[in-house]
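Descriptive structure summary
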Amino acid sequence: MGDDSEWMKLPVDQKCEHKLWKARLSGYEEALKIFQKIKDEKSPEWSKFLGLIKKFVTDSNAVVQLKGLEAALVYVENAHVAGKTTGEVVSGVVSKVFNQPKAKAKELGIEICLMYIEIEKGEAVQEELLKGLDNKNPKIVVACIETLRKALSEFGSKIILLKPIIKVLPKLFESREKAVRDEAKLIAVEIYRWIRDALRPPLQNINSVQLKELEEEWVKLPTGAPKPSRFLRSQQELEAKLEQQQSAGGDAEGGGDDGDEVPQIDAYELLEAVEILSKLPKDFYDKIEAKKWQERKEALEAVEVLVKNPKLEAGDYADLVKALKKVVGKDTNVMLVALAAKCLTGLAVGLRKKFGQYAGHVVPTILEKFKEKKPQVVQALQEAIDAIFLTTTLQNISEDVLAVMDNKNPTIKQQTSLFIARSFRHCTASTLPKSLLKPFCAALLKHINDSAPEVRDAAFEALGTALKVVGEKAVNPFLADVDKLKLDKIKECSEKVELVHGKKAGLGADKKEFKPAPGRTAASGAAGDKDTKDISAPKPGPSKKAPATKAGGPPKKGKPAASGGAGGTGTKNKKGLETKEIVEPELSIEVCEEKASAVLPATCIQLLDSSNWKERLACMEEFQKAVELMDRTEMPCQALVRMLAKKPGWKETNFQVMQMKLHIVALIAQKGNFSKTSAQIVLDGLVDKIGDVKCGNNAKEAMTAIAEACMLPWTAEQVMSMAFSQKNPKNQSETLNWLSNAIKEFGFSGLNVKAFISNVKTALAATNPAVRTSAITLLGVMYLYVGPSLRMFFEDEKPALLSQIDAEFEKMQGQSPPAPTRGISKHSISGTDEGEDGDEPDEGGNDVVDLLPRTEISDKITSELVSKIGDKNWKIRKEGLDEVAGIINEAKFIQPNIGELPTALKGRLNDSNKILVQQTLNILQQLAVAMGPNIKQHVKNLGIPIITVLGDSKNNVRAAALATVNAWAEQTGMKEWLEGEDLSEELKKENPFLRQELLGWLAEKLPSLRSTPTDLILCVPHLYSCLEDRNGDVRKKAQDALPFFMMHLGYEKMAKATGKLKPTSKDQVLAMLEKAKANMPAKPAASAKAASKPMGGSAPAKFQPASAPVEDSVSSTVEPKPDPKKAKALGVSSKAKSAQGKKVPSKTSLKEDEDKSGPIFIVVPNGKEQRMKDEKGLKVLKWNFTTPRDEYIEQLKTQMSSCVAKWLQDEMFHSDFQHHNKALAVMVDHLESEKEGVIGCLDLILKWLTLRFFDTNTSVLMKALEYLKLLFTLLSEEEYHLTENEASSFIPYLILKVGEPKDVIRKDVRAILNRMCLVYPASKMFPFIMEGTKSKNSKQRAECLEELGCLVESYGMNVCQPTPGKALKEIAIHIGDRDNAVRNAALNTIVTVYNVHGDQVFKLIGTLSEKDMSMLEERIKRSAKRPSAAPIKQVEERPQRTQSINSNANMLRKGPAEDMSSKLNQARSMSGHPEAAQMVRREFQLDLDEIENDNGTVRCEMPELVQHKLDDIFEPVLIPEPKIRAVSPHFDDMHSNTASTINFIISQVASGDINTSIQALTQIDEVLRQEDKAEAMSGHIDQFLIATFMQLRLIYNTHMADEKLEKDEIIKLYSCIIGNMISLFQIESLAREASTGVLKDLMHGLITLMLDSRIEDLEEGQQVIRSVNLLVVKVLEKSDQTNILSALLVLLQDSLLATASSPKFSELVMKCLWRMVRLLPDTINSINLDRILLDIHIFMKVFPKEKLKQCKSEFPIRTLKTLLHTLCKLKGPKILDHLTMIDNKNESELEAHLCRMMKHSMDQTGSKSDKETEKGASRIDEKSSKAKVNDFLAEIFKKIGSKENTKEGLAELYEYKKKYSDADIEPFLKNSSQFFQSYVERGLRVIEMEREGKGRIPSSTGISPQTEVTCMSAPTSTVSSIGNTNGEEVGPSVYLERLKILRQRCGLDNTKCLPLSPQQDDRPPLTSLLSKPAVPTVASSTDMLHSKLSQLRESREQHQHLDLDSHQTHSSGTTTTSSSSTANIDDLKKRLERIKSSRK
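The notes below deal with the structure included here. Everything quoted here is computed from the prediction, not taken from an experiment.

1. Overview of unusual backbone geometry
Positive phi outside glycine occurs at Glu-120, with the angle close to 75°. Checked against the element boundaries, Glu-120 lands in helix H8 (residues 103-132). Note on Glu-120: relative accessible area 38%, which makes it partly exposed. One non-glycine residue, Arg-352, lies in positive phi territory at about 50°.

Next up, the structure:
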């Protein structure tokens, strides 16, 4: 026993390890108890047992082991650390538990395994169990199978991996042990339950008896999808949800999801791949070539057997495929052809995607072979090609298929079409894009007209399938020319088609679009103008219609020369009159004369060929007048141009007559339906005159007009061929110039590059230099659209010419093509589809590539050449490669078929001689360029081997390989590379070089992709192993690539993939994933695709927002009047935006982007100051870094969030540079309109721009610099001064960019530095630039030194900081620099100082080395400029510099608008004495002369605004800085300006200055009163209401207390506010936009105003309060009912909580609530009850019943009960379903209350309770009903009697009578006076009229509204028509009137204006109207005035619209309305007085 006592004292863990079994047993028991007690799964207690658990389960004593197993199970279930023990414990269970005789032990063992699976360790458990299957002990095997089966049955196939189990099943079925076989059968049944038939193929080879038994079992299984019954820990919530749903009787959705996913297991995945290449017969390749067909057959049969294996291992099948292909193509024995086809089918099925690389070789051969007639051959070929199709994509084989479509053999045509139809079935709308559909449809459309019926039918089927797959909308454009019968046939076929993927929803909607398609009219129908782009595409150049396709022969690829196929660009927007309509027959001269004489004056026709030029001129004038007045439909264009061409025609000698003639041609083209026939008549003459000095411009104008009528592509081609068929060089050069310009104006779409190029080449060879220059300019413009591939056409030009062309291209680099301004304006209304936008650039980009003539080189790749390349001797190999390089070089562009070359080159990529490897890489690079996008088909067999070369140990070889891969990827896109397993196989190789290069490449490419193939996931495991690679570089590259993988695959997938890692690795990788998740960039948006190919047709769309606004903002700085060009540009840009965004109808730019309206910069008061304080106080990071780290970017983001619009911020911080470009475009757009915002956020904007300086993308940099130039111009105009903080966080980074290699950029940066001196003292700039001279970049040093020189030259020595001496010493150091440019710059700078300062320089510089000194002296001598010359030089110099900057900003502006600002600067620096201007800039240094001179400068700025001689009017007023442009909004200009204008005005509403506020309110009121314009306010309502109640607060707190203020002013402001509000709340759509919070504040403000005793004391105060009363009622009725109810509840709660608030306030809030309760029966359905009940719940939480009862008044509790009671009554028991928003319903007092109410209402008997509840709204307690009714009525009469609430009382009484028609109010009236009774009756009658007649009847007038309108409108109509009758003289009075209004808007006093007529002089301003009725009796007087004013305005507008053309309405529509209303105010006031006196 002594022993016992020994071990009993030991601690538990030691007992568990004791050698005595009793001790262990006791230890295990105690451990079990401990485990059961520990509640915390993370307790440290668990860790003590970590090492022991294995011993628990492997104990040698069976009894003890049982206890150990129990303890282990509890441990695994509860311990946080249990997962670490999985491997050892499960292997222990397998080896030591499963062999135990006791069933209990086995059960516990199985339980432990399942528990490990539950704690997410499934894979480890499964691994151990699968190892157990190899155990010799059958017991263990059986137990392992059983465990696996249970796990699968409980956890499902998503957790338990089936593939490894299925792999071993056949072996288990062969076991000698029956028990094992039986268990195997059970698990096979279980697996079948999960994956159904996918299990059959792997088991097809087991014993047939067993298979039969299995089949029988399988049949018995239930058919429903199985669901897991047990979940992982992480899924347990799901389980709980499942149970809840099941208990609720619903089907488990959560499980449903799982269930749906489960059966999608592909049998192929479960199969074992078989290696067959080694099993081919040794003599296979000899036999297959044998003469005897029997031998060939044997060889094929051997292959057939091998390829029957359902899954084949990947390998190099190239030779085998080649052999089979040869049999299919060349063998004469058709039986063998069929057999070879079967072999190919087997290969394709067994290899799947891995066969894809061979598809391109085989497809053409099979298609060609369809000429065989034998059915079994055809069938075998069909099966083969279908199987092959599934291994590749349609895109990859499209070229081959399309090539066969033109075959003459009908069977081939038929079978190809059928194959296309079958292929389409496998496609979806996304895998069959427009770019692919277009060529296929074009080819099929030829087939539907084929003579052979079977070909036609096959084509119909293919088109029908396409229709079904992508929907009619996508196919329609291609079918525009198909007649009705054929269309019906296509549709019929489409209905029969069964798709593989099932029908995609949403295409049904397209059906209706199909109807208008028979003719060409579809374009104008549903499909909109955009479809016309494609309509003519299917016909490849219909030359029927092309009278002049001289230049390039019939063009290729459906770029119709003459059918105007350029789509919607040039077509006028006539209803569906497309290109067809505009081709007219040629008329004879007689017919033309006849037609012309019908429309032209007789004299005109007679004088056409008069010999006297004056008569001819007169005749032309007549002609022009006649044309101007003609109607479009009546104008016989052809006849008119024939008349013009009649003798003397274009040989006219007098230039004036000629100019007129040309102008008339332009007019006819613009105004008539101008056809190509007419164009042909005149173009020759125009081209002849284009070089004429005097008439050239008119000729160009006429050509442009014709281009607009007949499409630019057609016109351009005609004009070019005409110009180059004649000899005159001037004409040729001018034609080229015209074309350059026209391309910019019209855009590039549809132009036939090829045709031009031959002409351009002719021009380049011309002897005349002007022609050459013009040609090069044209090439520059084309380069903008076509991109670098344009250069390929000119490779063989002379070097000198080539360098000129390159220089031109260099100039254009980084620029974006301008937005087309012509040809599209008419269509901007038809919204473009985003899809279109996405696909267009692809085509555009490829067009140019398609135009290149490609050479077939396959015949040059002979077998000798191939054997040379593979020779043993390296020299011969090299020769072979040289030959190949020569062939490709010579051919330039080649066709995709290159014979045996790929295999030959592939062999050379692993050549032992590295030089040859490099040469091969160079050839492959050449090959990519030469073959273009067609190189795609060689990616798998040639591209991937290039990647293998990235693992080479030599640096230069790797670099060459990378360059080659990039060259390929540029042509192919990334999809081909990422598909399949090839890339992951490469990454798997443990070669550090390969890994780091490949990961680096992926990290570069992935971010720009919009989507990636799913196969990318295959790379992830290898990426993870790279993260832990031994090589540091590999690890780094892997980390860099991680975020980009995650961007495409998502965090979840990536995290899931860590499951297979070791635990330690997994944690590390997961940590990295978390980190990467934070840095994960967003995917590039749709436009990225367009951006990746910045060439091609619709590239302009992408850049529009960029270019248009730039031009716009520059022009607007100069001319304040809205010019039409600007409006047009803006229209364009808004269109572009919508094209990029969602599908948006661009009716108004407001609708277009709800979220993007409003200012982009929000002005935060003192925001900038606060940020500076934070930076000073080190609360935030100081903006100072060498490269921006993440924390800086985050900090900037946070700072911006408060003052930059959210959507803009998203663009600004997007990972893709495209978005930065977009953001910059928007910022440029808003620069002018949001000056204050820009200045308020200037520090942040500049910081953000510094980040852009670190981007590598040139286009962003150019954009940023462009913006900076405009920004600093604006800042200097605003006379803003940069703060130190802004300067120090911006200038150093800008200076970095001075050293950019690109000239353009350097120039821009210098220009910006130059402008900065106007807003930041040059002396402070100096040290920054000085710092820049210390850079390592020599370019930067040189530029900075030059800039320092310029500063000294412009501002004198004082700029040198800290002292001239120190500065010059620093500069002098650079004289000894090793870079020549730096030395020169330093010398020049010092020479400049010398020129200013003379010999003193030497003293300042101090000692220099001898060499430097001699250089300096030499340079000074050479410059030989004595100081005396300095002052004059400076004066000239400076203006020049400033001017150059301005001219830069103006580059984008078209037209000769003069650059004011540059003149201004010139004037500034030249004004007064040149000596003063010499040294000092007025901005920064005090110089008295300068100040005197300066007066001139201010005066100078005036012309910017005023262009009329109005000095006499302006004299008395000193004009403040006028902001006319910003303030006077033309609300009619509904472009992007509106939003910012409205924002500006709204911001003025809250102004502290009463007049400003009134001005703003007047303008808003004007908008609100006009229905057509009111919608402009949409989106601004909250903002407006906030401004309003801020103003109310301001009046209440400040103005009312201000003694000095006239109280009349305040009343006027009040009336304006209330009038405005009433207008607003009349418009329901706007009223509903007000949000809860805003309504709460508004109601607070209004109720406070009603209770303001100070107002009552004023004489008109009562009037104001009544108006407020009326307004409150409107607010309650018209706002969004949920919002207002919610607002009132919150307001009530606040007012009851606030001790300071008066009881009266709460009472009024409750009255409002009662009013709402009364409205409830009508509004209940529009209310979001859940929200209201949540508010009530919160209210009841704050005020429980007890607390409410303690209130002084019982109203709150009654109000609440009434509200709830009404809601219950209206909703019934359903109300209880609306408590969803309340978190813990059970604790809610509300739920209990509702339940009680419901119960109560149920208890009441039917009829009685109905009656009761009817009145329930007006009373709470059900007992003393009679008494309560009386109380209620008494309350109402009390109100009627009170002075304030009489109106409300009457309204309530009316409501009450209406509700209870039998109620008796007699007793209450009996006791009152006769007067009171009649008052009440009359009041009720008025209300009745008001309610019944609705409309805006002034409640207080007796006159009916109709009479009122008539008498009002009579006088006003006369007024309004004075000014605007057609073209008559307008009296000055009207302009003066307008002027007054403008002045009023600008805040200028009108009293000094000359009065128009005596009686108008004392007219009150518009606003005072709202509050001036003399006797305040009528509550609704404001309302009445409103109605009158609106009627007045309507009548005015009717007159106005009759006689104003569109322009005038634009400009004067807004101004005149207000003037007329003012004019009639006196009249109105008199009427008001009359009405009132009659009422009294």
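Here the narrative resumes.
2. Overview of the side chain of Thr-416
Residue position: Thr-416 is located in helix H23 (residues 410-426). Given a relative accessible area of 0%, Thr-416 falls into the buried group. Side-chain polar atoms of Thr-416 contact the backbone oxygen of Ile-412, separated by 2.6 Å. When neighbours within four sequence positions are excluded, Thr-416 is seen to be in contact with Leu-367, Val-401, Val-404 and Met-405.

3. Considerations on the packing of helix H35 (residues 676-689) against helix H37 (residues 712-724)
Between H35 and H37, the least distance of the axes is 10 Å, while the angle of their chain directions is 40°. With respect to H37, the element H35 is oriented oblique. Like other packed secondary-structure pairs, H35 and H37 cross with a definite hand, here right-handed. On H37, the residues that touch Lys-676, Ala-679, Gln-680, Leu-683, Asp-684 and Val-687 of H35 are Trp-714, Thr-715, Gln-718, Val-719, Met-722 and Ala-723. When grouped by side-chain class, the residues that make up the contact of H35 with H37 number 7 nonpolar, 3 polar and 2 charged.

4. A closer look at the packing of aromatic side chains
Per the counting criterion, the structure on display carries 25 aromatic pairs. Seen in terms of ring centroids, Phe-35 and Trp-46 are 5.5 Å apart; in terms of plane orientation they differ by 40°. Their pairing is tilted. You can see Phe-35 sitting in helix H3 (residues 21-37) and its partner Trp-46 sitting in helix H4 (residues 45-48), a full 11 residues away along the chain. The exposure class of Trp-46 is buried, given its relative accessible area of 0%. Between Phe-748 and Tyr-785, the ring centres sit 5.2 Å apart and the planes meet at 10°, which makes this aromatic pair stacked. Here Phe-748, found in the loop between helix H38 (729-746) and helix H39 (753-764), pairs with Tyr-785, found in helix H40 (residues 769-786); they are 37 residues apart in sequence, far enough to count as distant. Taking relative accessible area as the criterion, Tyr-785 reaches 0% and is therefore assigned buried. Chaining the aromatic ring pairs together yields one cluster made of Tyr-28, Phe-35, Trp-46, Phe-49, Phe-56 and Tyr-75. Geometry around Phe-794 places Lys-761 over its ring, the cationic atom sitting 5.8 Å from the centre.

5. A look at the nonpolar core
Grouped burial of nonpolar side chains is what soluble globular proteins tend to show. The biggest cluster of nonpolar side chains holds 95 residues, and the ones touching the most others in it are Met-1577, Phe-1625 and Ile-1736. Here the element with the most residues in this core is helix H86 (residues 1607-1626); it accounts for 11 residues. Residues within four places of Ile-1736 in sequence aside, it is in contact with Leu-1689, Leu-1760, Leu-1763, Leu-1764, Leu-1767 and Leu-1790. If you look at the next biggest cluster of nonpolar residues, it comprises 94 residues, including Val-1298, Val-1319, Met-1325 and Leu-1351.

The rules behind the values
- Per chain, residue numbering runs from 1 following the sequence as it is written.
- It should be noted that, the model being predicted, local features are given only for residues of pLDDT at least 70 and side-chain atom pairs only at 80 or more, the latter also being counted only at that level, while totals for whole chains, interfaces and linings use all residues.
- With hydrogens and water excluded, all non-hydrogen atoms of the structure serve as input to the side-chain values.
- Strands here are runs of E lasting at least two residues and helices are runs of H or I lasting at least four, both read from the DSSP assignment and numbered beginning at the N terminus.
- Type-normalised accessible area, obtained with a 1.4 Å probe on protein chains alone, sets the label of each residue: buried when under 20%, exposed when over 50%, and partly exposed for intermediate values.
- Any pair of nitrogen or oxygen atoms within 3.5 Å is treated as a polar contact; in protein, a donor-acceptor pairing is required on top of that, and neighbouring residues in sequence qualify only through side-chain atoms on both sides.
- Only heavy atoms enter the contact rule, under which two residues are in contact if any of them lie within 4.5 Å.
- Axis angles are defined between N-to-C directions and span 0 to 180 degrees, where every axis is a line fitted to C-alpha atoms and, for a helix, only to the segment in contact.
- By definition in this entry, angles of less than 35 degrees are roughly parallel, angles greater than 145 are roughly antiparallel, angles of 65 to 115 are roughly perpendicular, and the rest are oblique.
- Note on convention: near helix rotated counterclockwise from far helix by under a right angle means a left-handed crossing. Clockwise means right-handed.
- All residues other than Ala, Val, Leu, Ile, Met, Phe, Trp, Tyr, Cys, Pro, Asp, Glu, Lys and Arg, Gly among them, are scored as polar; the first ten of these are nonpolar and the last four charged.
- A pair of Phe, Tyr and Trp rings is counted when the ring centres sit within 6.5 Å of each other, with Trp represented by its six-membered ring. The angle between the planes then sorts it: under 30 degrees is stacked, over 60 is edge-to-face, the rest tilted.
- Charge-over-ring placement is defined geometrically: NZ (Lys) or CZ (Arg) within 6 Å of the ring centre, and within 35 degrees of the ring normal.
- Among the buried residues, those of types Ala, Val, Leu, Ile, Met, Phe, Trp, Tyr and Cys that are joined through side-chain atoms within 4.5 Å form a nonpolar core.

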